[in-house]
Structure formats: structure tokens, C-alpha cells
Amino acid sequence: MQIHIFKDAAQIGEAAAQLFAAKLLQKPDCVLGLATGSTPLPTYDALVALHRRGLADFSRVRSFNLDEYVGIDRAHEQSYYRFMYDNLFSLVNIKPENVQVPHPVSEDLGADCDAYEAAIDAAGGIDLQILGIGNNGHIAFNEPCEVFPLRTHIVHLTESTILANQRFFNSADEVPRQAMTMGIGTILRAREILLIATGAGKAAAVAAMVNGNADPRCPASALHLHSHVTVFLDAGAALIL
Ligand code: GLP
């Protein structure tokens, strides 16, 4: 795990976007793993700016998002599908048919999960995966648990995640209770992973991830099991390392 500490979130956004732009140059038909949340927003802004300067061509890129709530429509302003269109997909030249966001809507949500996992495999796997981290150490929607989940699956969100995400809804009651998420195994199959954390609110989760051994009670600690992980932190997130 290679850790880089930056002054602020804007600097991280620039550095992360450059890492993505380099990947697009190395492998124009690469498969990106994308994340939602406030953390990757400066990265997406910087990537859009690079695209506008002709430095990031998404015309052959395919992408898979980490997760999505169960029970809200794609048009809902808090759906992760909508988030990705508003903040990245509609602002760059990625083809809609090359974009995948989990879509847990069928009668058999397990089948939706299996199909998503199979689609990632059929695309040849993820080349570069971006991750944020939850206050409780979750990555994607893999909540603290006893065994690392291997594959895309349905999860029940913990109370702390519901409370953390209520800021995007009118109240905690409106936050969906379930989500479809890539598993830890799915994430670890990415060839390269970039985790970003900003703000002192993430300092404890970051310290648990960096200082502990791989332990499913801190899902992000699974990244110790991967050989190509880069971590970008601002001063706040690195506060208690
Ligand atoms: C959500 C997402 C995660 C994200 C985390 C942190 O629960 N499922 O992918 O990393 O929250 O979000 P934020 O970046 O807004 O702090």
C-alpha cells in the first residue's frame, strides 16, 4: 500500500485525475471501476477538465460502478446511476452502452448480482478501481462483518452508514436500507486500486485500514491483500496515522 499525503482535496483530485488520464493513454479501451460519494467529486471535476483539454479520451473506455441502493429509481436524484451521469458520464465522451451501474430491480436480486459479476469478467476485469472509504471502514457498501464477501451481493446497510448518508436525503428514514455492491473479492480482482480519503472525519477509518492486518471488521483493510494499491490522503484524513 503506497500512501501519499496531499495538502487538500483539490490537490488530490488533480493527482487522481492524472493517474486516470495516464491509464487512458496506456490502455484506451481500459475498464474503469468507479465510485460515488463526495470524495471522488474533485477527481471527476479534474478529469472532465482534462477531457475538455483533449487529454482524456473516454471513447473506448468501459466502466463498472461499485454499488447502488436497492429500492430507488435510477431517475431519483440520490441514485448512484444519476450521480454518475450528473458528475461524469454526461460530461465526457464515454458511450452509454459502455457504462454499467448495478441495477438491482429484478424479482431475483441474487441473479442481478451474478449477472453484474459476470459482466465484469466478460469485460476482462477492472484495470483501475477508485474507492472512497466509509466512516466505519466500509468500501463500496461492504460493511464490517465476519468474513470478506467474495462477489457482488446485496447488503443491509449499517445504522452508521444510514446516518452518514442521510445528509443526501430529507431524513434518515428516506435512506434505502439495502444496496447492491461489488464484493471485497470483486474489488481485489481489479489490477490497480486507488483509495482516496479526505477530511478528519475519515482519520479513524484510515488509521484502522493502514495500521491493522486484513480483518473483515474493517473492510478496507482487505486492501493489504492486494499488490498494487495507492492511497491518497489529505492532511485531515492522515491525522492519526
Ligand atoms: C458510500 C459509498 C461508498 C463511499 C462512502 C463514503 O456509502 N457506498 O462507496 O466511499 O459512502 O462516502 P463519502 O465519499 O461521501 O464520504
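Above this text sits the structure in question.
Small disclaimer: the values here were computed from a predicted structure and weren't measured.

A.B. asks: Explain the environment of Asp215 to me, using residue names and the numbers behind them.
C.D. replies: Inspection of the secondary structure assignment puts Asp215 in the loop between α7 (203–211) and β10 (229–234). Residue Asp215 is classed as partly exposed on the basis of its relative accessible area of 23%. Each C-alpha atom, one on Asp215 and one on Ile187, is 15 Å from the other, the two residues being 28 residues apart in sequence. Beyond its immediate chain neighbours, meaning those up to four positions away, Asp215 contacts Phe148 and Ser221.

A.B. asks: Outline the site of the ligand, listing residues and values.
C.D. replies: Neighbouring the ligand are 13 residues; Ser38, Thr39, Asp67, Arg167 and Lys202 lie closest to it. The contact in question runs from a nitrogen atom of the ligand to an N or O atom on the side chain of Asp67, over 2.8 Å. For the ligand, whose unbound accessible area comes to 390 Å², protein coverage reaches 94%. Spatially, the ligand is embedded in the largest pocket. Tallied by class, residues from the shell around the ligand come to four nonpolar, six polar and three charged.

A.B. asks: Can you break down unusual backbone geometry residue by residue, with the values?
C.D. replies: A positive phi angle is found at Ala140, which is not glycine, with a value near 50 degrees. Along the chain, Ala140 falls in the loop between β6 (128–131) and β7 (153–156). Since its relative accessible area comes to 9%, Ala140 is described here as buried.

A.B. asks: Let's hear about the side chain of Gln129: which residues, and what values?
C.D. replies: With respect to the helices, strands and loops of the structure, Gln129 is situated in strand β6. A distance of 3.3 Å separates the side chain of Gln129 from the backbone oxygen of Gly33, its partner in a polar contact. Once you skip the residues sitting within four places of it in the chain, Gln129 turns out to touch Gly33, Leu34, Leu66, Met182, Ala190, Glu192, Ile193 and Leu194.

Reading the values: rules and limits
- Residues numbered from 1 in each chain as written.
- Predicted model: local features only at pLDDT ≥ 70, side-chain atom pairs only at ≥ 80, totals over all residues.
- Heavy atoms only, no water.
- Helix = DSSP H or I, 4+ residues; strand = E, 2+ residues; numbered from the N terminus.
- Buried < 20%, exposed > 50% of the residue type's maximum accessible area, 1.4 Å probe, protein only.
- Contact = heavy atoms within 4.5 Å.
- Near = heavy atom within 4 Å.
- Polar contact = N/O pair within 3.5 Å; in protein donor to acceptor, adjacent residues only side chain to side chain.
- Areas by Shrake-Rupley, 256 points an atom, 1.4 Å probe, with all protein chains shown as cover.
- 1 Å grid on protein atoms, 1.4 Å probe; cavity = no way out; pocket = protein on both sides within 12 Å on 5 of 7 lines; lining within 4 Å.
- Sits in = over half its atoms within 2 Å of the grid points.
- Nonpolar A, V, L, I, M, F, W, Y, C, P; charged D, E, K, R; others polar.

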